[in-house]
Amino acid sequence: MLLSGVLVVAFGLTGAFVQVPYVAIGPGPTYDTLGNVNGAPVIQIDGQQTYPTSGELRMTTVSLNDQITLFGALGLWVSGRYALAPREEYFKPGESDEQVQQENVKEFQDSQSNAEVAALRHLGYPIKVLAQEVVAGSPADHVLAAGDRLLSVNGKQISQEDDVRAALTGTHAGQTVPITFQHGTDPAKTATMTLAANPDTSQTQGFMGLQPIDRADVPFDVKVSLQDVGGPSAGLMFALAIVDRLTPGEMVNGEHVAGTGEIDEKGNVGPIGGISFKVVGAREAGATVFLTPSANCAEAAAAAPSGLKLVKVDNLDSALTALDDIKAGKPAPSC
């Protein structure tokens, strides 16, 4: 009896205090991108006229807890609200929590930038192309700096990032090409650089060693104020909110709309993870419509709670069209 008692106590202590190599995933908080958080607007536009909005455009998140014990894991699993997954699926071997957090924050910041560019491009605002990154030791190194604006490459005018790649088509290592750029508010400057061999052996064109990126060329600021959120999946809802703020009329006309989706600078919407939990969180927050990336439709449909209409979207334009149809009482593409 004494031995049994000791074993029971040992098992109880192990289950209560020893952490297991699993993470628990479940519905996370949602945020209205048209509203305020902690007294500050989620999206603030300074220096440009904005228009009143109504209803909600709610971004959704997934909660992830990697500090769970054996008993805690069992309790979360039995609840049916959470799923358990091996920790290595979310944390690379040797990667610290701080490194994971930094990656998530960067993805979130990139999603904000992409959303701004996609929204303003849709509204017809001009786009500029910047050098996002310059590879050390490359031909572009010591000629360009990150943040410089690209005006022309190899005699071709640059109006979007794809133009940079197109301008190098047919070039080869050792070829000298001119590049015109602007550093900050300095006058435009033209320099020449000798192209290197492309590190990607499948590419035969010359290599400059810079990563171009589109950015909006506007005299006003768009700021997203949201803390403790990571990942790229809020991009679609940010873009919709920016469009709504900058255009007269009400996009959702009082409806409670939620959604998710990674967005690129051209407005294409890509799939995300954890959608089965996001639809639950959206419905619990009062949403009746959920904007769903096409590639996530099957998973979302299998988990969507009653009362939540799943609307299929491929890009920013299709999301805006679907919202217009819903506002007009017309059917929208569904999952």
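Residues numbered from 1 in each chain as written. Predicted model: local features only at pLDDT ≥ 70, side-chain atom pairs only at ≥ 80, totals over all residues. Heavy atoms only, no water.

Undergrad: Which residues make up the packing of aromatic side chains, and what values go with them?
TA: Overall, the coordinates contain two aromatic pairs when judged by the stated rule. On the numbers, 5.7 Å between centres and 65 degrees between planes, the contact of phenylalanine 108 with phenylalanine 238 is edge-to-face. One end of the pair, phenylalanine 108, is in helix α3 (residues 97-122); the other, phenylalanine 238, is in helix α5 (residues 235-246), and 130 residues separate them in sequence. Take phenylalanine 108: its relative accessible area is 3%, and that puts it in the buried class. Judged by its relative accessible area of 1%, phenylalanine 238 is buried. (Phe/Tyr/Trp six-rings, centres within 6.5 Å; stacked < 30°, edge-to-face > 60°. Helix = DSSP H or I, 4+ residues; strand = E, 2+ residues; numbered from the N terminus. Buried < 20%, exposed > 50% of the residue type's maximum accessible area, 1.4 Å probe, protein only.)

Undergrad: Go over the packing of α5 against helix α8 (residues 316-327) with me, naming the residues and quoting the values.
TA: Packing of α5 against α8 leaves a shortest axis separation of 11 Å and a crossing angle of 60 degrees. On the basis of their axis angle, the class for α5 and α8 is oblique. You can see that α5 and α8 cross each other, and the crossing is right-handed. Mapping the contact onto sequence places Leu236, Ala239, Leu240 and Val243 in α5 and Leu316, Ala319, Leu320 and Leu323 in α8. Partitioned by chemical class, the residues of the contact of α5 with α8 number eight nonpolar, no polar and no charged. (Axes fitted to C-alpha atoms, helices over the stretch in contact; angles between N-to-C directions. Parallel < 35°, antiparallel > 145°, perpendicular 65-115°, else oblique. Left-handed = near helix turned anticlockwise from the far one by under 90°. Contact = heavy atoms within 4.5 Å. Nonpolar A, V, L, I, M, F, W, Y, C, P; charged D, E, K, R; others polar.)

Undergrad: Help me get a handle on the sheet that holds strand β5 (residues 56-65), residues and values and all.
TA: The six strands are arranged β6-β1-β5-β14-β17-β18 in an open sheet whose pairing can be described as mixed. Only two strands of the sheet have a single neighbouring strand rather than two, namely β6 (83-86) and β18 (309-313). Averaged over all adjacent pairs, the angle separating strand axes in this sheet is 35 degrees, with direction ignored. Looking at chain direction, β5 and strand β14 (residues 256-259) are connected through four bridges and run parallel. Counterpart to methionine 59 in the pairing with β14 is glycine 259. This element, α5, spans β5, β14, β17 (289-293) and β18 of the sheet and lies at about 155 degrees to β5. In this fold helix α6 (residues 275-284) packs onto β1 (22-32), β5, β6, β14, β17 and β18, with an angle of close to 40 degrees to the strand it touches most, β1. (Pairing = 2+ DSSP bridges.)

Undergrad: Tell me what's going on with the pattern of salt bridges, and back it up with residues and numbers.
TA: If the charged atoms of two oppositely charged side chains come close together, the side chains can form a pair. Taken as a whole, this structure holds eight salt bridges when the rule is applied. Put simply, glutamate 56 and arginine 58 hold a salt bridge, and the shortest N to O gap is 3.0 Å. Neither residue differs from the other here; glutamate 56 and arginine 58 are each classed as buried. Between aspartate 162 and arginine 165 there is a salt bridge, with the nearest N and O atoms lying 3.5 Å from each other. Residue aspartate 162 and its partner arginine 165 are located together in helix α4 (residues 161-167), separated by three residues, close to a single helical turn. Overlapping salt bridges, with partners in common, bring together Glu161, Asp162, Arg165 and Lys266 in one network. (Salt bridge = Lys/Arg side-chain N within 4 Å of Asp/Glu carboxyl O.)

Undergrad: So, the pairing of β5: which residues are in play, and what are the values?
TA: Of the pairings in the sheet, the one linking β1 to β5 comprises seven bridges and is antiparallel in character. Note that in β5 the partner of glycine 26 across the bridge is serine 63.

Undergrad: I'd love a proper account of the nonpolar core, names of residues and values included.
TA: Ile43, Leu57, Met59, Leu236, Phe238, Leu240 and Leu291 are the most contacted members of the largest nonpolar core, which totals 44 residues. Considering every element that reaches this core, the biggest residue donor is α5, with nine residues. Beyond its immediate sequence surroundings of up to four residues, leucine 240 is in contact with Leu57, Met251, Leu291, Leu316, Ala319, Leu320 and Leu323. Counting 19 residues, the second-largest nonpolar core is a separate cluster that includes Ala167, Ile179, Leu195 and Met208. (Core = buried A, V, L, I, M, F, W, Y, C linked by side-chain atoms within 4.5 Å.)

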